Amino acid sequence: MRIPLKKVASGHYICEVTLNGVSGDFIVDTGASHTCVALDKEAYFKLNARETKQQAASASSNKMETRYSQENVVKIGAWEGQKLEIVLFDMTSVNIVMEQLNVNAVDGILGADVFEETKAVLDYNRSGLYLKIKK
């Protein structure tokens, strides 16, 4: 199944993800180990997050404080994942850059946890993400 991706001025690819019944725009990031959501979107996506002592790290910043949410339903096109774990962190710096490039703010990051589970294939030439649906 092909999921259309939109390449934005920042060079990122964005796709629509439904998390706990709520739709949002997520960066497709094969380098992110987990699917993440902006801290300020916790209530919006109906996440029941708890504090954690683990910290997130990215290539562009120092370690960041995180929150953690379990038992989430993620839908991407016709694929649905149950009981997914979501990491929440402050995405303000990401969205400041997006704003400077006249790109709409993103709600989260789609990470390798989903790509591994779905045996995903990213087709840059056709701006598509292909997910294998279990039968």
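Okay, so let's go over this structure. (Residues numbered from 1 in each chain as written. Predicted model: local features only at pLDDT ≥ 70, side-chain atom pairs only at ≥ 80, totals over all residues. Heavy atoms only, no water.)

1. Topic: the layout of surface pockets
(1) Moving on: Quantified by volume, the second largest pocket comes out at close to 180 Å³.
(2) Moving on: As for the second largest pocket, its lining consists of Pro4, Lys6, Val8, Ile14, Cys15, Glu16, Asp25, Asn102, Val103, Asn104, Ala105 and Val106.
(3) Moving on: For the lining of the second largest pocket, the element with the highest residue contribution is strand 3 (residues 13–19), accounting for three residues.
(4) Moving on: In the lining of the second largest pocket, the residues fall into seven nonpolar, two polar and three charged. (1 Å grid on protein atoms, 1.4 Å probe; cavity = no way out; pocket = protein on both sides within 12 Å on 5 of 7 lines; lining within 4 Å. Points joined across faces, edges and corners; volume = space filled by probe spheres on them. Helix = DSSP H or I, 4+ residues; strand = E, 2+ residues; numbered from the N terminus. Nonpolar A, V, L, I, M, F, W, Y, C, P; charged D, E, K, R; others polar.)

2. Thoughts on the nonpolar core
(1) Moving on: Grouped together as the largest cluster of nonpolar side chains are 25 residues, with contacts concentrated most on Leu19, Val37, Val74, Ile76 and Leu110.
(2) Moving on: Elements that contribute at least two residues to this core include exactly strand 3, strand 4 (22–28), strand 7 (61–76), strand 8 (79–89) and helix 2 (112–118).
(3) Moving on: Leave out the neighbours within four places in its chain, and Ile76 touches Met1, Ile3, Glu16, Val17, Leu110, Val114 and Leu131.
(4) Moving on: Within the second largest apolar cluster, 14 residues are counted, among which are Val8, Ile14, Ala32 and Cys36. (Core = buried A, V, L, I, M, F, W, Y, C linked by side-chain atoms within 4.5 Å. Buried < 20%, exposed > 50% of the residue type's maximum accessible area, 1.4 Å probe, protein only. Contact = heavy atoms within 4.5 Å.)

3. As for unusual backbone geometry
(1) Moving on: Positive phi values are uncommon outside glycine, yet Asn102 reaches one of about 60 degrees.
(2) Moving on: Turning to its location among the elements, Asn102 is positioned in the loop between helix 1 (92–100) and strand 9 (108–110).
(3) Moving on: Non-glycine residue Ser127 carries a positive phi angle of around 50 degrees.
(4) Moving on: The residue Ser127 is located in the loop between strand 10 (121–123) and strand 11 (128–130) in this model.

4. Let's talk about the pairing of strand 3
(1) Moving on: Summarising burial for strand 3: five of the seven residues are buried, a large majority.
(2) Moving on: Where strand 2 (residues 6–7) meets strand 3, two bridges bridge the pair, whose relative direction is antiparallel. Across the sheet, residue Lys6 finds its bridge partner in strand 3, namely Ile14.
(3) Moving on: A loop of five residues connects strand 2 with strand 3, the two strands running antiparallel in sequence, and Gly11 in this loop sits at a positive phi of about 95 degrees.
(4) Moving on: Pairing analysis gives six bridges linking strand 3 to strand 4, with the strands arranged antiparallel. From the neighbouring strand, Leu19 faces strand 4, where its bridge partner is Val22.
(5) Moving on: Counted along the chain from strand 3 to the antiparallel partner strand 4, the turn is two residues long, and its residue Asn20 has a positive phi close to 55 degrees. (Pairing = 2+ DSSP bridges.)

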